[in-house]
Amino acid sequence: MANFSVSMTRTASTTLSVGSLTAAASAMRRYKLSDWVYGAAEGTVGDGVFEWEIQRCTTAGTAGTNPTPASIDPGDTAAATTVCGQAHSANPTLTANQVLYAAGLNQRATYRYVAQPGKELIVPATALNGLAFTTPISSAVACRFQALFEEQ
Amino acid sequence: MLSSRTHGYAIITDPDAPVREFDSVMCCHCQRITLIKPGQSAADCGGFCRLCFAPTCGLCADAGVCVPFEAKLERAEGRRVFLRGVELLGSGLGPGAG
């Protein structure tokens, strides 16, 4: 059960995801999202208001790029099967009424969430199912979402 | 500090404001996370399922049915497990085969 970390960034959009973590199309694994940090990454500070959400999705959408999750333990040599996407041009298919986490945040602030062991957000080992990280209320500034997850 | 009775911990760091910290609970049916305010009980954040004996979110409390999240996981992964069980997955005869 390897642990991985990945960072996703984009210019915030109210309609397009910052990033997503989805199970692979084949040989997929269940994963648990245990820890995340997010906030604006803009060099020039401002006072924009953001709403950040984590929502279940059933497809990966069209990502601009696919960051490679980095293994937290160098001894875990296997690469993550979970697919990370960022800066989507076509949103993942979001599941209605499955917003697992929503929180507002000032542009100047940073937000970190840590789940208790056994209380992580779990994504089933179903092809292309996963979590999308969105900013339905945002200013058009660079933002970043850092996720730590464990593959089962 | 992360209490052993809560399900998660959030911290907001703002250069223009004091650090704010929150405990949270997770819905046992859908995994929705709810931040809790000081003095609130877990039930104040939605509901409490007496079958799972764990807190639920407001939406699941309003739904009034108990479908544990593990059951939803099994349902989502069930087709793949079934196909693997009957040895169709990866055999060239299952989904995606030519």
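Basis of the calculations
- Residues numbered from 1 in each chain as written.
- Chains lettered and ligands numbered in written order.
- Predicted model: local features only at pLDDT ≥ 70, side-chain atom pairs only at ≥ 80, totals over all residues.
- Heavy atoms only, no water.
- Helix = DSSP H or I, 4+ residues; strand = E, 2+ residues; numbered from the N terminus.
- Rg over C-alpha atoms; globule rule 2.2 N^0.38 Å.
- Buried < 20%, exposed > 50% of the residue type's maximum accessible area, 1.4 Å probe, protein only.
- Contact = heavy atoms within 4.5 Å.
- Areas by Shrake-Rupley, 256 points an atom, 1.4 Å probe, with all protein chains shown as cover.
- Lys, Arg positive; Asp, Glu negative; His and termini not counted.
- Charge placed at Lys NZ, Arg CZ, Asp CG, Glu CD.
- Domains from an automatic or database assignment.
- Nonpolar A, V, L, I, M, F, W, Y, C, P; charged D, E, K, R; others polar.
- Pairing = 2+ DSSP bridges.
- Phe/Tyr/Trp six-rings, centres within 6.5 Å; stacked < 30°, edge-to-face > 60°.
- Buried area = accessible area lost by both parts, 1.4 Å probe.
- Salt bridge = Lys/Arg side-chain N within 4 Å of Asp/Glu carboxyl O.
- Polar contact = N/O pair within 3.5 Å; in protein donor to acceptor, adjacent residues only side chain to side chain.

Take the overall build of chain A next. The number of helices and strands found in chain A is 0 helices and 11 strands. Against the 2.2 N^0.38 benchmark of 15 Å for 152 residues, chain A shows a C-alpha radius of gyration of 14 Å, consistent with a compact globule. With the C-alpha coordinates aligned to their principal axes, the bounding extent of chain A is approximately 40 × 30 × 25 Å. The burial tally for chain A puts 49% of its 152 residues in the buried class. Put simply, of all contacts in chain A between residues at least 6 apart along the chain, 89% involve residues at least 24 apart. Summing over all exposed atoms, chain A offers an accessible surface of approximately 6100 Å²; the carbon and sulfur share of this is 53%. Averaging the positions of the 9 positive and the 10 negative side-chain charges in chain A gives two centres separated by 4 Å.

Before going further, it helps to examine the domain arrangement of chain B. All names here are of chain B. For chain B, the domain assignment lists domain 1 (1–67) and domain 2 (68–98). In this assembly, 7 residues from domain 1 lie in contact with 5 residues from domain 2. Of the residues that constitute the side of domain 1 that touches domain 2, the class distribution is 5 nonpolar, 2 polar and no charged.

Let us look at the pairing of strand S3 (residues 33–36) of chain B. All names here are of chain B. For strand S2 (residues 20–26) and S3, the ladder comprises 4 bridges, and the chain directions are antiparallel. Bridged to Val25 within S3 is Thr34. Linking S2 to S3, which pair antiparallel, is a turn of 6 residues; within it Gln31 sits at a positive phi near 75°.

Attention now moves to the packing of aromatic side chains. Under the defined criterion, the tally for this structure stands at 13 aromatic pairs over all chains. Aromatic rings pair up to connect A:Trp36, A:Tyr38, A:Phe50, A:Trp52, A:Tyr101, A:Tyr111, A:Tyr113, A:Phe133 and A:Phe145 into one cluster.

How big an interface is tends to be reported as the loss of accessible area on association of its parts. Tallying the contact residues gives 28 residues for chain A and 27 residues for chain B. A per-residue breakdown of the area chain A buries against chain B is headed by A:Tyr113, A:Gln116 and A:Lys119, which together make up 23% of the total. Where chain A meets chain B, there are 3 salt bridges. A:Arg30 serves as the salt-bridge partner of B:Glu77, at 2.8 Å between the closest nitrogen and oxygen. Along the contact surface separating chain A from chain B lie 16 residue pairs in polar contact (both at pLDDT 80 or more). Of all the elements in the fold, those that place two or more residues in the side of chain A that touches chain B are strand S7 (94–106), strand S8 (110–115) and strand S9 (121–123) of chain A. Per-element accounting of the side of chain A that touches chain B gives the leading share, 7 residues, to S7(A). In terms of residue class, the side of chain A that touches chain B is made up of 16 nonpolar, 6 polar and 6 charged. Inspection of the sheet shows S8(A) paired to strand S1 (residues 8–13) of chain B by 6 bridges, in the antiparallel sense.

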